[in-house]
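Geometric and topological summary
One letter stands for each residue in the lines below.
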Amino acid sequence: MQHNDGLIEEVLAGIGAKRAGVKFGASKALRILSEQVPDALYPHFDVFAAMLGHGNHILKWNATLTLANLARVDREAKIEAILDQYLDLISGPNMITAANAIRGAAIIGLAKPHLVRPILLRIMRVERAKYATPECRNVAIGHALRALEQLADLLPDRQLLRLFAARQLGNPRPATSAKARGFLKARKKTA
């Protein structure tokens, strides 16, 4: 597939626009492009990596998912080089940032199975993460359970995952405890 590099450069430039609609629209367009044609955006990997520390949450969230989508075409192990920084987003303080990092970490793990164990170990630290409220942590734990569900079959020993899910059976957030029950029920069938 042929890519219009000039157009990609223009959309990348849009991230720096003063108008919020342009900036956020460009960021979202790049995230969508990363899902469809990751190889076209891969040469700009470092731009997105730098945005992991961006002060604007929306730009950071889109960059987080864009980087995850680029993992499947990452032949230079660039994602490995920034993985710790990427996974640090899970520990807080912003729950939505953490949720996007957890979702992206699952995408990375599927693209790079050799990273699944360290990714899962970091995702499970969400139990001790510091967010604005305990309810935010419960929401993030629900995202973690969804990621564990996606990656569990790539890990030979799933005991740590089952223990994590078992601890969530009594989670005060009904949706999160339901995800834990679902995870354990599915794992019982494959154990």
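So, a few notes on the structure that sits alongside this text.

Parameters and conventions
Residues numbered from 1 in each chain as written. Predicted model: local features only at pLDDT ≥ 70, side-chain atom pairs only at ≥ 80, totals over all residues. Heavy atoms only, no water. Patch = residues over 30% accessible without salt bridge, like charges linked within 9 Å, V, L, I, M, F, W, Y side chains within 5 Å. Areas by Shrake-Rupley, 256 points an atom, 1.4 Å probe, with all protein chains shown as cover. Salt bridge = Lys/Arg side-chain N within 4 Å of Asp/Glu carboxyl O. Helix = DSSP H or I, 4+ residues; strand = E, 2+ residues; numbered from the N terminus. Buried < 20%, exposed > 50% of the residue type's maximum accessible area, 1.4 Å probe, protein only. Axes fitted to C-alpha atoms, helices over the stretch in contact; angles between N-to-C directions. Parallel < 35°, antiparallel > 145°, perpendicular 65-115°, else oblique. Left-handed = near helix turned anticlockwise from the far one by under 90°. Contact = heavy atoms within 4.5 Å. Nonpolar A, V, L, I, M, F, W, Y, C, P; charged D, E, K, R; others polar.

1. Focus on a nonpolar patch on the surface
Residues Leu 121, Leu 160 and Leu 163 make up a contiguous nonpolar surface patch of roughly 230 Å² in combined accessible area. Here Leu 121 lies in helix 8 (residues 116-123). Accessibility expressed as a relative area gives 36% for Leu 121, which makes it partly exposed.

2. Focus: unusual backbone geometry
A cis amide bond links Gly 92 with the next residue in sequence, Pro 93, at an omega value of 15°. The phi angle at Ala 77 is positive, at roughly 55°, despite the residue not being glycine. Secondary-structure assignment places Ala 77 in the loop between helix 5 (57-70) and helix 6 (78-88).

3. Some details on the packing of helix 9 (residues 134-151) against helix 10 (residues 159-167)
At their nearest, the axes of helix 9 and helix 10 sit 11 Å apart, and the two run at 150° to each other. Here helix 10 runs roughly antiparallel to helix 9, going by the angle between their axes. Crossing of helix 9 over helix 10 shows left-handed handedness. Only Leu 161, Phe 164 and Ala 165 of helix 10 make contact with helix 9, whose side of the interface consists of Ile 141, Ala 144, Leu 145 and Leu 148. Classifying every residue of the contact of helix 9 with helix 10 by side-chain character gives seven nonpolar, no polar and no charged.

4. A short note on the side chain of Thr 64
With respect to the secondary-structure elements, Thr 64 resides in helix 5. A residue is classified by how much of its surface remains accessible, and Thr 64, at 0% relative accessible area, is buried. Ignoring any residue separated from it by four or fewer positions in sequence, one finds Thr 64 in contact with Leu 52, Tyr 86, Leu 89, Asn 100 and Ala 101.

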